[in-house]
Amino acid sequence: MSNNSNVENLSPQVIRQLSKEMSELVSSPPEGIKVFLNDEDITDIQAVIEGPAGTPYAGGSFRVKLVLGKDFPTGPPKGYFMTKIFHPNVAKNGEICVNTLKKDWKSELGLKHILLTVKCLLIVPNPESALNEEAGKLLLERYDDYCQRAKMMTEIHAHPPKFAKEGLEMNPTSSSVGTIFKGVEGPLAKKHATEKSKTLSDKKNLKLMKDKKRTLKRL
């Protein structure tokens, strides 16, 4: 998968159209899809697709990249999942196999159409054009096993860190637990410990006062 910019290969007209489409996608994104603008490279098209409800991908956030070829828009872009996913139409390297990006491509189809097609693929996989044969076979023959495997991959690779009610504690299984809240968790923990010791100290003082009163009464 090439990360090189393709701006110099595209006509000014195509770049203008791309720029317009990207701005529209950012300002009014399709439901469950968030598009990211790269100001330095208009051909770097990345989006995050939320796993649709009722599918094994529900709750996951999947990063997708579209790579535009030299012949775009005459030729279709290539689509890749950058987030690992277990899906019949997604190869091990993340490449997406969907007719919209192959034989059904038309130059007037926009980026929004492509992203919506990829989202639909999460709802209705096509095992007949499988790039991941194992996923395609499971989908057709043992659907429950396919769902279980897809859910597990979603939980491992596509779940964002879980936040507690306070919005500060993270899921301990998250690998980024120490990095994101470095410098936040520390002071909070200290504050909590200080308050706890203060409460204990107050309780101790109260008990001492009660004991003193009892002693005075006896005298």
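For clarity, every value in this text was computed on a predicted model and none was experimentally measured. Per chain, the residues get numbers from 1 upward, laid out in the order the sequence is written. At least 70 in pLDDT is required for a residue's local features to be given in this predicted model, at least 80 for side-chain atom pairs to be given and counted, and no such filter applies to totals for whole chains, interfaces and linings, which use all residues. Hydrogens are left out, water is left out, and the side-chain values use all remaining heavy atoms of the structure.

Engineer: What's the story with the nonpolar core in this structure? I'm lost.
Structural biologist: By nonpolar core is meant a set of buried Ala, Val, Leu, Ile, Met, Phe, Trp, Tyr and Cys residues that side-chain atoms within 4.5 Å join together. Only protein chains enter the accessibility calculation, which uses a 1.4 Å probe; a residue is then buried when its area is under 20% of its type maximum, exposed when over 50%, and partly exposed in between. Of all hydrophobic cores here, the largest spans 39 residues; its most connected members are L18, F81 and L111. The secondary structure listing takes helices from DSSP runs of H or I that are at least 4 residues long and strands from runs of E that are at least 2 residues long, numbered from the N terminus. Contributions of two or more residues to this core are made by α1 (12–27), β1 (33–36), β2 (45–50), β3 (61–67), α2 (111–123), α3 (133–141) and α4 (143–158). Looking at this core, the element that brings in the most residues is α2, giving six residues. Residues are treated as being in contact if the distance between any of their heavy atoms lies within 4.5 Å. Sequence-distant contacts of L111, defined by excluding residues within four places in its chain, comprise L18, E21, M22, L25, I45 and L66.

Engineer: Hey, could you run me through the side chain of K119 in this one?
Structural biologist: Looking at the element boundaries, K119 is found in helix α2. Positive charge is attributed to Lys and Arg, negative charge to Asp and Glu, and no charge count is given to His or to the chain ends. A pairing counts as a salt bridge when a side-chain nitrogen of Lys or Arg comes within 4 Å of a carboxyl oxygen of Asp or Glu. For the buried residue K119, which engages in no salt bridge, the nearest side chain bearing the opposite charge is E31, 5.4 Å off. Sequence-distant contacts of K119, that is, excluding residues within four places in its chain, are made with E31, G32, I33, I49 and P52.

Engineer: Teacher, can you tell me more about the packing of aromatic side chains here?
Structural biologist: To describe a pair of aromatic rings, you give the distance between the ring centres and the angle between the ring planes. By convention, a stacked pair of Phe, Tyr or Trp rings (six-membered ring in the case of Trp) has centres within 6.5 Å and planes under 30 degrees apart, an edge-to-face pair has planes over 60 apart, and any other such pair is tilted. Following the criterion strictly, the structure yields five aromatic pairs and no others. An angle of 80° between the planes, with centres 5.9 Å apart, marks the rings of Y57 and F62 as edge-to-face. For the pair shown, Y57 and F62 are each scored as buried. Geometrically, the ring pair formed by F72 and W105 is tilted, given 6.2 Å between the ring centres and 40° between the ring planes. With F72 in the loop between β3 and β4 (78–81) and W105 in the loop between β4 and α2, this pair connects stretches of sequence that are 33 residues apart. We note that F72, like W105, is buried. Among the aromatic residues, those joined into a ring-pair cluster are Y57, F62 and F81.

Engineer: Please clarify how the environment of P29 should be interpreted in this entry.
Structural biologist: Relative to the assigned elements, P29 resides in the loop between α1 and β1. In the structure, P29 is positioned 83 residues away from K112 in sequence and 8.5 Å away in space, judged by C-alpha atoms.

Engineer: Looking at this model, I keep getting lost on the pattern of salt bridges. Mind explaining?
Structural biologist: Any two side chains of opposite charge can pair if their charged atoms end up close together. Scanning the model with the defined rule gives four salt bridges in all. Linking D44 and K65 is a salt bridge whose minimum nitrogen-to-oxygen distance equals 3.0 Å. Here D44 is found in the loop between β1 and β2, whereas its partner K65 is found in strand β3, with 21 residues between them in sequence. Of the two residues, D44 and K65, both sit in the buried class. Here E141 and K137 are joined by a salt bridge, their closest N and O atoms 3.5 Å apart. Of the two residues, E141 and K137 are both situated in helix α3; the distance of four residues between them amounts to about one turn of the helix.

Engineer: In this structure, what is going on with the sheet that holds β2? I would like to understand it.
Structural biologist: In any sheet, the strands associate via hydrogen bonds between backbone groups, in a parallel or an antiparallel arrangement. A sheet is described by the order of its strands in space; here four strands give the open sequence β1-β2-β3-β4, paired in antiparallel fashion. Looking along the sheet, the strands with just one partner apiece sit at the ends: β1 and β4. Going from strand to strand, the sheet's axes swing by 25° on average, the running direction of each strand aside. By the convention used here, strands pair only if DSSP detects at least 2 bridges between them. Angles here are taken between N-to-C directions and fall from 0 to 180 degrees, while the axes themselves are lines fitted to C-alpha atoms, restricted in helices to the stretch in contact.

Engineer: Looking at this model, I keep getting lost on the packing of α1 against α2. Mind explaining?
Structural biologist: When two helices pack together, their arrangement is given by the angle between the helix axes and the distance between those axes. Direction vectors running N to C along α1 and α2 enclose 50°, while the axes themselves pass 9 Å from each other. Regarding the angle of α1 to α2, the classification is oblique. From α1, L18, E21, M22 and L25 reach across to α2, where they touch L111, K112 and L115. Polar here means any residue outside two lists: the nonpolar Ala, Val, Leu, Ile, Met, Phe, Trp, Tyr, Cys and Pro, and the charged Asp, Glu, Lys and Arg; Gly therefore counts as polar. Its residues assigned to classes, the contact of α1 with α2 comprises five nonpolar, no polar and two charged. An angle below 35 degrees is treated as roughly parallel, one above 145 as roughly antiparallel, one from 65 to 115 as roughly perpendicular, and anything else as oblique.

Engineer: In this structure, what is going on with the pairing of β1? I would like to understand it.
Structural biologist: Successive residues of a regular strand alternate their side chains across the two faces of the sheet. Only one face of β1 is covered, namely the face carrying I33 and V35; the face carrying K34 and F36 is uncovered. In the sheet, β1 pairs with β2 via four bridges, with the strands oriented antiparallel. When the bridges of β2 are listed, I33 appears paired with I49.

Engineer: Teacher, can you tell me more about the confidence of the model for the protein chain here?
Structural biologist: Per-residue confidence from the predictor is reported as pLDDT, a score between 0 and 100. Averaged over the protein chain, the pLDDT score is 80; the fraction of residues at 70 or greater is 70%. Contacts of residues 163–192 to residues separated by more than four positions or lying in other chains number 20 contacts, the stretch itself having pLDDT below 50.

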